[in-house]
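# Observations on the three-dimensional arrangement
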Amino acid sequence: MIFFNGNYVEQAHAEITDRGYQFGDGIYEVVRVYNGQLYTAQEHFERLLRSAAEIQMDAKYSVEEYIEICRQLIEKNQIEMGNIYIQVTRGVAPRNHPFPIPSVEPTILLYAYASARPEKGLKEGVKTITAEDIRWLRCDIKSLNLLGNVLNKQKAVEHGATEAIQIRDGIVTEGASSNVFAIKDGTVYTHPANHLILNGITRLEIKKVCASLNIPFVEEAFESSFLFECDEVFISSTSLEVTPVIQIDDTMISNGTPGKVTQAIQDGFVANIGIQ
Ligand code: PDD
């Protein structure tokens with residue numbers, strides 16, 4: 001069962017003139033489900049409403065209403081371990097760049113699906129590549145326009161890697177679908193939450209874990225060369241959680257095994273989600 005424009009239905013189809021389909025004029029979120037329970041849903045829906053406001057779009061429902069729809073989807077689809085995908089577009093209107101006048105109802109889609117934790121990568125770490133960040137300058141909006149991300153992720157896959165670490169003007173911004181962290185002498189460094197990155201919900205949870213473990217967490221831009229001089233690197237996202245990076249391009253990171261500080265942060269993160 002999926003939720004589409006106010007109804008729980010078995011199937012739905014996009015209209016060809018949906019602005020999400022024709023312009024990428026919409027936003028999305030991915031929320032994790034652990035043990036049949038939503039994880040950090042409040043934060044995800046606050047970010048969804050922020051993304052909507054930033055593109056002057058009405059996402060129609062409140063945070064509480066979105067959370068209730070998610071609960072219904074978990075129950076109707078019997079999801080134990082999985083994700084909920086949420087997408088809101090500006091709606092259906094004849095193709096014309098400016099917003100439709102009069103305005104139309106947004107197209108609202110939510111669906112839940114089972115998805116296991118990426119156990120192997122979490123335990124053994126993953127390989128990554130570096131790639132030029134060619135995206136637009138409002139990466140803080142979780143927009144449906146993901147072409148820059150898609151092209152870099154594809155490049156990663158073609159190199160047998162899990163993620164592409166994106167670099168803009170020599171500075172590490174974030175992964176194609178994750179945030180990036182470097183650790184040097186026990187301090188965690190990551191790009192500040194401005195227009196050049198998505199302020200990941202997992203990133204914010206990691207910040208809290210670091211505070212509780214007395215690990216300094218510094219939100220400062222760093223150059224790509226630092227990736228190869230630091231002690232450890234990890235990436236984070238709703239699905240990747242805290243995933244150690246053991247290789248970047250042809251260089252091994254922390255001798256090709258997950259680093260100690262990364263593991264401590266990973267343990268703290270997992271303890272907070274209450275699994276295992
Ligand atoms: N991606 N940066 C980018 C560009 C992302 O696409 C994501 C998430 C993140 C991490 O955000 P969070 O911790 O809130 O998931 C950072 C999602 C999972 C996706 O597109 O599937």
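Residues numbered from 1 in each chain as written. Predicted model: local features only at pLDDT ≥ 70, side-chain atom pairs only at ≥ 80, totals over all residues. Heavy atoms only, no water.

### What about the site of the ligand?
What counts, and what does not: Here a residue is near a molecule or strand as soon as one of its heavy atoms is found within 4 Å of it. Polar contact criterion, stated in full: a pair of N or O atoms within 3.5 Å, where within protein one must be able to donate a hydrogen and the other to accept it, and residues adjacent in sequence count only if both atoms are side-chain atoms. Computed with the Shrake-Rupley method and a 1.4 Å probe, the accessible areas treat only the protein chains shown as cover for residues. Of the two site types, the cavity is a set of points on a 1 Å grid over the protein atoms alone where a 1.4 Å probe fits but cannot get out, and the pocket is an open set with protein on both sides within 12 Å along at least five of seven lines, each lined by residues with an atom within 4 Å of a point. Think of it this way: a molecule belongs to a cavity or pocket when more than half its atoms come within 2 Å of the grid points there. In DSSP terms, a helix is any run of H or I states spanning at least four residues, a strand is any run of E spanning at least two, and both are numbered starting from the N terminus. Gly counts as polar in this scheme, as do all residues outside two lists: the nonpolar Ala, Val, Leu, Ile, Met, Phe, Trp, Tyr, Cys and Pro, and the charged Asp, Glu, Lys and Arg. For the domain bounds, the source is a domain assignment made automatically or taken from a database.
Around the ligand, the structure places 20 residues, and the nearest of them are Tyr28, Glu174, Ile201, Thr202 and Thr238. Tyrosine 28 is positioned such that a nitrogen or oxygen atom in its side chain is 2.7 Å from an oxygen atom of the ligand. Residue arginine 47 places a side-chain N or O atom 3.0 Å away from an oxygen atom belonging to the ligand. A total of 470 Å² of accessible area belongs to the ligand in isolation, and the protein chains cover 89% of it. Structurally, the ligand is housed in the largest pocket. Secondary-structure elements contributing two or more residues to the shell around the ligand are strand S3 (26–34), helix H2 (41–54), strand S9 (171–175), helix H6 (201–212) and strand S13 (232–237). Tallied by class, residues from the shell around the ligand come to 5 nonpolar, 11 polar and 4 charged. Mapping the shell around the ligand onto the domain boundaries places at least three of its residues in each of domain 1 (2–114) and domain 2 (119–273).

### Digging into helix H8 (residues 260–273)
The criterion, for reference: The span one expects for a helix is its residue count, reduced by one, times 1.5 Å. With a 1.4 Å probe rolled over the protein chains alone, any residue whose accessible area is under 20% of its type maximum counts as buried; one over 50% counts as exposed, and the rest are partly exposed.
Counted at 1.5 Å a residue, the expected span for H8 with its 14 residues is 20 Å, and the 20 Å between its end C-alpha atoms agrees. Those residues of H8 lying buried are Val261, Thr262, Ile265, Gln266, Gly268, Phe269, Val270 and Ile273. Positive phi shows up at glycine 274, right after H8, with a value of about 75°.

### So, empty space enclosed by the protein
Take a probe with the size of a water molecule and roll it over the atoms, and the empty space left behind shows itself. Heads up, the rule is: Grid points are joined across faces, edges and corners, and a volume is the space filled by probe spheres set on the points.
What the rule picks out here adds up to 1 cavity of 30 Å³ or more. Quantified by volume, the largest cavity comes out at close to 60 Å³. Lining the largest cavity are Arg32, Tyr34, Tyr39, Thr40, His44, Ile201, Thr202, Glu205, Ser237, Thr238, Glu241 and Phe269. Contributions of two or more residues to the lining of the largest cavity are made by S3 and H6. With 3 residues, H6 is the single largest residue contributor to the lining of the largest cavity. Here the residues of the lining of the largest cavity are counted per class, giving 4 nonpolar, 5 polar and 3 charged.

By themselves, these figures tell us nothing about what the structure is for.
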